[in-house]
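# Commentary on secondary and tertiary structure
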Amino acid sequence: MNRQISRVAGLAMGLMILLIVATTYWQTWARPALAERQDNAIQRVAQFEIKRGPILSPSRILARNKERIVGDRRFYLRRYPQGLLTAHVVGYSTVARARTGLERSLNSILTGSERSLSSLVDRSLDKLNGRPIVGDTVVTTLDVNGQRAALEALGTRCGSVVVLDPRTGRVRVIVSSPSYNPNDIEENFGRIEKIRADCTPASPLLNRASQGLYPPGSTFKVVTASAALDSRTFTTASTFYDPGYCSVYGKRVNNFDTSRPFGNVTLATALQFSVNSVFCNIGLKLGAKVIVKQAKAFGFYERPPLETPESERLPSGLYKGGELYDPRRDRDVDPGRMAFGQERLLVTPLQMAMVAGTIGNDGILMRPFVVEKTVTPNGKTRTRTRPTKIRRAVTPATARDVGDMMVRAVQAGTGTAAQIPGLRIGGKTGTAETGIDGSNTTWFMAFAGADGEKPRYAIAVVLQNQSRTGGATAAPIARQVLQALLPSTAKN
Amino acid sequence: MSARNKELLNLGFAALVASAAFASVSIVGTGLVTTRWLGYVGVVFGLYLVAHIVARFTVPYADPTLLPLVGLLTALGLTVIYRLGPEDARRQAVWVALGIGVLAATLFWLRYDYRALERYKYIFGISAVVLLLLPSVPGLGHRVNGVKLWIKVGPMQFQPGELAKIFMIIFLAGYLRDKREALAQGRLKDLGPLLLIWGASMLVLVQTSDLGSALLNFGIFLAMVYAATGRLIYVVAGLGLFLAGSAALYNALDRVQQRVTVWLHPWTDERVYCSISGELDFRQNCDSYQLVKSLYSIANGGYGGTGLGKGTFTTVDGTQLIPYLNTDFIYSAIAQEVGLVGSAAVLLLVMVFVARGMRIALIAQDGFSKLLATGLTFGLALQTFIIVGGVLRVVPLTGITMPFVSYGGSSILSNFIMLALLLLVSNRAAATAVNR
């Protein structure tokens, strides 16, 4: 019988070894993946024992800790002193609903888990001594006054404002309306669900600046004009005849206002007054692929490289059935409609601010960033973001020509409502009709700076459900936000 | 050194380890370095000292590692239970005390010759079936968490399945010793009892809808049949029948079906039907909530664990994250706090116990003793495997206790009876070897 007993013993021992192997699997190999899961409540709670680093703007506190002692444990919960002003970009870190925004994407920095070996030893010693782990501080590039001005200007309207420094890529303003108070996420989520605005659903949690996709309307003409000039097929003085419409495959595509055809116009005048038929004809001449290629040079078809979570940034471009669509042949899309911003084009406000900024920055696209630096708990700077060039999107000559045309649009064209005395502003309006009266998506994008200087600001404003044009609705918001930003930068 | 002196030394080591563990929990819990925990360790160590002295008189030659191993496992269980809820730990300590009383009583009662049990094998066999079916008796049975495993008499709750398991092992050891030659011949008519027991376990499965106990009892049965006959065909046929039976019942038993689904796909990306709320939800928030939360707990331990007393088991508001943490899921609490190093050590303790138990079966002289020791030891190994394997998602999760570690009176008491029987078998085997 002993042989059988030995075998049964072997089986019993084998079962125990299997348990050790399985434990090893979960505690080592599968551990990181489990820690990442959104429903991992233990990980979430354990992370609240870490003294999370604060998130700051150059002059304000955007996120800080509030201690709560439960039984024998000390938890560090988050408070957001700026409330709804920086909700979308900073995001939230709560027990109930995981994380979003920078709180999510910079979690390892804020919890101090991304560190050198020596601090790893310190951290382990702290842990043994029962001291809380302290994370790094994140300093952002945001201007809280600008954030406030943008949200106040948007009011109850649904939309977004993005302001960049085109010379460096620093994000100064990034707001989405309606906003929400991140302090309500944990205990008063009902209040967030009750938020209403001039659109349904109001989606207050959506970061429209980088997650919202909207038809660009005439703002896209800047991309078309860049392609036209860069191709050397056209100059600013190229003349077109505008009958008030353009024929595409035998169908008429009307101007915004068909009652007043412009007759003979130059490209410069066409951009100044946003004449659809001219751009339609340019598009037919250039072909869809050339325009798509130019759009890609401006950053379309990639997620804009910001520090926020990847899932909160969407690429701009042609969309087909909810998916980004890159046409292989010219005849796959209608170049005439595409040239003035129709034809399934969808863009984010962040992307359009990048386009305006590139024109203002002599054709060089800078990588946008919102994290200025990270600082250790002892106050030493750990990392500092250096401005980096993504690529040259257009030649300096094209940038200058397109920029001049945009300046004329603000001086005496569709964008006059954005004028600010003493500033050189080049802008482009956009009004994308959705077919339903009173529900246009309106745009204004611009670069702005003192005369004779490189522009300091690139702005994009989008509004949903508007009955009037971009020039009448979005351009005044751009003016208000830029005015709010001016004094603070004058001090710099 | 005599076996009992070795045992005393081993108990000393066990007490040291247990002291360190409880001191850690106590210091983290109160935030003060005090010696209050010494009293607790003293009480537990005192109990095992009593067991040791009883063993000196009744089983002087018995294996010297079993009692200290059990001492360490129960002390560790008590430490973790204390850490999760001091009230439960006090009750558990009383159960351990009663368990040691039962151990002493069993040792005294059977100190001359435990083989007398063999004569009453049919009584044990019938009692086992009766005990297993008791929870199904209307008015007596008590359903806990969807499973009918409890009987309730007044304020007392008892899980008869634990005792039934030991009775069944005694019966099988006696019965198989008688019939092993005939069974080894493999005549068709001798398959009768095998089929009978298969039928009985299926019946119990249907009655209690508890897959864990059915699997445990049937597994012990197959291991003992194999040990007795050496015919692998019985094991294969038995497993086949069990699987076929389970598969046939799969559709009839919602509960079994749900357990298997949870085991195979604990996470869903889409909302699925939730049997708890009746609404659509992610499975990880519903049916597989316990399993998934327990896996998170284990994973959070990593290599070294969070440290005893420093694991995360509650939310920031203080509500429990994992239900049944000190019974079914005690392993996930241990794994989080002592990490891979510690939980592997706990499993190694069980492994050493299993190795010693099987060694007892090997050196025992007669068939009854061999089969008894094999059945008891394999039962402990299989029970540990089913519950810990369930928690680790190796097998579908079923609610049974982790021997000697989990909170629960019935489990502790019957495990101490098992320990007593192993000590008795070991004592006789070693004594015969010494006297020869």
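About the thresholds
- Residues numbered from 1 in each chain as written.
- Chains lettered and ligands numbered in written order.
- Predicted model: local features only at pLDDT ≥ 70, side-chain atom pairs only at ≥ 80, totals over all residues.
- Helix = DSSP H or I, 4+ residues; strand = E, 2+ residues; numbered from the N terminus.
- Rg over C-alpha atoms; globule rule 2.2 N^0.38 Å.
- Buried ≥ 20, exposed ≤ 12 C-beta atoms within 10 Å, placed from the backbone.
- Contact = placed C-beta atoms within 7 Å.
- pLDDT = per-residue confidence, 0-100.
- Pairing = 2+ DSSP bridges.
- Domains from an automatic or database assignment.
- Nonpolar A, V, L, I, M, F, W, Y, C, P; charged D, E, K, R; others polar.
- Axes fitted to C-alpha atoms, helices over the stretch in contact; angles between N-to-C directions.
- Core = buried A, V, L, I, M, F, W, Y, C linked by C-beta atoms within 7 Å.

### Considering the overall build of chain B
When its secondary structure is counted, chain B shows 14 helices and five strands. In terms of overall dimensions, chain B is globule-like: its C-alpha atoms have a radius of gyration of 22 Å, near the 22 Å expected for 436 residues. Along the longest, intermediate and shortest principal axes, the C-alpha atoms of chain B span 60 × 55 × 45 Å. When the 436 residues of chain B are sorted by exposure, 54% land in the buried category. A sequence separation of at least 24 residues applies to 72% of the contacts in chain B between residues at least 6 apart.

### As for the confidence of the model for chain A
Overall, the prediction assigns chain A a mean pLDDT of 88, with 92% of residues at 70 or greater. Per-element confidence in chain A is highest for helix H17 (residues 349–360) of chain A, whose mean pLDDT is 97, and lowest for helix H7 (residues 117–129) of chain A, whose mean pLDDT is 63.

### Observations concerning the pairing of strand S15 (residues 371–375) of chain A
Residue and element names in this part refer to chain A. Judged from the four bridges that link them, strand S4 (residues 137–140) and S15 form a sheet pairing that is antiparallel. Each bridged residue has a counterpart across the sheet, and for Val138 the counterpart in S15 is Thr374. Direction of pairing for S15 relative to strand S16 (residues 381–384): antiparallel, over a ladder of three bridges. Across the sheet, Thr374 pairs through a bridge with Thr383, a residue of S16.

### Thoughts on the domain arrangement of chain B
Residues and elements named next belong to chain B. With domains assigned, chain B is organised as domain 1 (3–112 + 323–435) and domain 2 (118–252). Spacing between the C-alpha centres of domain 1 and domain 2 amounts to 25 Å. In this complex, domain 1 contributes 21 residues to the contact, which on the side of domain 2 involves 29 residues. Looking at the side of domain 1 that touches domain 2, the element that brings in the most residues is helix H13 (residues 367–391), giving twelve residues. When grouped by side-chain class, the residues that make up the side of domain 1 that touches domain 2 number eleven nonpolar, ten polar and no charged.

### Structural notes on the sheet that holds strand S18 (residues 423–432) of chain A
Residues and elements named next belong to chain A. Read across the sheet, five strands follow the order S6-S5-S20-S19-S18 without closing on themselves; strand pairing throughout is antiparallel. Because the sheet does not close on itself, it has two edges, and the strands there are strand S6 (171–177) and S18. Each strand of the sheet is rotated relative to its neighbour by a mean of 10°, with strand direction disregarded. In the sheet, strand S5 (residues 159–164) pairs with S6 via six bridges, with the strands oriented antiparallel. Of the residues in S6, the one forming a bridge with Val163 is Val173. Against the sheet, H17 makes contact with S5, S18, strand S19 (440–450) and strand S20 (457–466), and its axis sits at roughly 145° relative to S20, the strand it touches most.

### Examining the interface of chain A and chain B
The interface of chain A with chain B comprises 37 residues on the first partner and 48 residues on the second. Only helix H1 (2–29), helix H2 (31–36), helix H3 (41–47) and strand S2 (61–70) of chain A provide two or more residues apiece to the side of chain A that touches chain B. Looking at the side of chain A that touches chain B element by element, the count peaks at 18 residues for H1 of chain A. Looking at the side of chain A that touches chain B, its residues break down into 24 nonpolar, nine polar and four charged.

### Examining the environment of Leu73 of chain B
All names here are of chain B. Examined against the element boundaries, Leu73 turns out to sit in helix H3 (residues 66–84). What makes Leu73 buried here is the crowd of 21 C-beta atoms within 10 Å. C-alpha of Leu73 to C-alpha of Phe404: the two residues are 331 residues apart in sequence and 6.0 Å apart in space. Non-local contacts of Leu73, meaning those with residues more than four positions away in its chain, are made with Leu349, Phe404 and Val405.

### Points about the sheet that holds strand S12 (residues 323–324) of chain A
Residues and elements named next belong to chain A. If you trace the three strands from one edge of the open sheet to the other, you get S12-S11-S13, paired in antiparallel fashion. In this open sheet, the two edge strands, each paired with only one partner strand, are S12 and strand S13 (345–346). Direction of pairing for strand S11 (residues 317–320) relative to S13: antiparallel, over a ladder of two bridges. Within S13, the residue paired with Leu318 across the bridge is Leu345.

### Side note on the domain arrangement of chain A
Interfaces are often sized by the amount of accessible area the parts lose when they come together. Residues and elements named next belong to chain A. In terms of domain boundaries, chain A breaks down into domain 1 (43–140) and domain 2 (144–370 + 386–491). If you average the C-alpha positions of domain 1 and of domain 2, the two centres end up 35 Å apart. Tallying the contact residues gives 24 residues for domain 1 and 20 residues for domain 2. Only helix H4 (87–90) and helix H5 (101–105) provide two or more residues apiece to the side of domain 1 that touches domain 2. When residues in the side of domain 1 that touches domain 2 are grouped by element, the largest group, four residues, is from H5. Each residue belonging to the side of domain 1 that touches domain 2 can be placed in one class, and the counts come to ten nonpolar, ten polar and four charged.

### Looking at the pairing of S5 of chain A
All names here are of chain A. Buried residues dominate S5, accounting for six of its six residues. Side chains Gly159, Val161 and Val163 of S5 all project onto a buried face; the interleaved residues Ser160, Val162 and Leu164 project onto the opposite face, where all are buried too. Here S5 hands over to S6 after six residues, with Gly169 in that stretch at a positive phi of 100°. Looking at chain direction, S5 and S20 are connected through six bridges and run antiparallel. Residue pairing across strands places Val163 opposite Ile459, the latter belonging to S20.

### Thoughts on unusual backbone geometry
All names here are of chain A. Here the bond from Ser177 into Pro178 is cis, since omega is 0°, no more than 30 degrees from zero. By secondary structure assignment, the location of Pro178 is in the loop between S6 and helix H9 (184–187). One non-glycine residue, Arg232, lies in the positive phi region at around 65°. The exposed category is assigned to Arg232, around which 10 C-beta atoms lie within 10 Å. In the Ramachandran plot, Tyr301 falls in the positive-phi region, its phi being about 70° despite a non-glycine side chain. Among the secondary structure elements, Tyr301 is positioned in the loop between helix H15 (288–297) and S11.

### Describing the nonpolar core
With 157 residues, the main nonpolar core has Ala18, Leu172, Met224, Leu372, Leu422 and Leu423 of chain B as its most contacted residues. Among the elements that take part in this core, helix H12 (residues 330–363) of chain B stands out by supplying 16 residues, more than any other. Contacts of Met224 of chain B, omitting those with residues within four sequence positions, involve Leu172, Leu176, Leu371, Thr374 and Gly375 of chain B. Formed by 120 residues, the second largest nonpolar core is a distinct cluster that contains Tyr214, Phe279, Leu350 and Ala417 of chain A.

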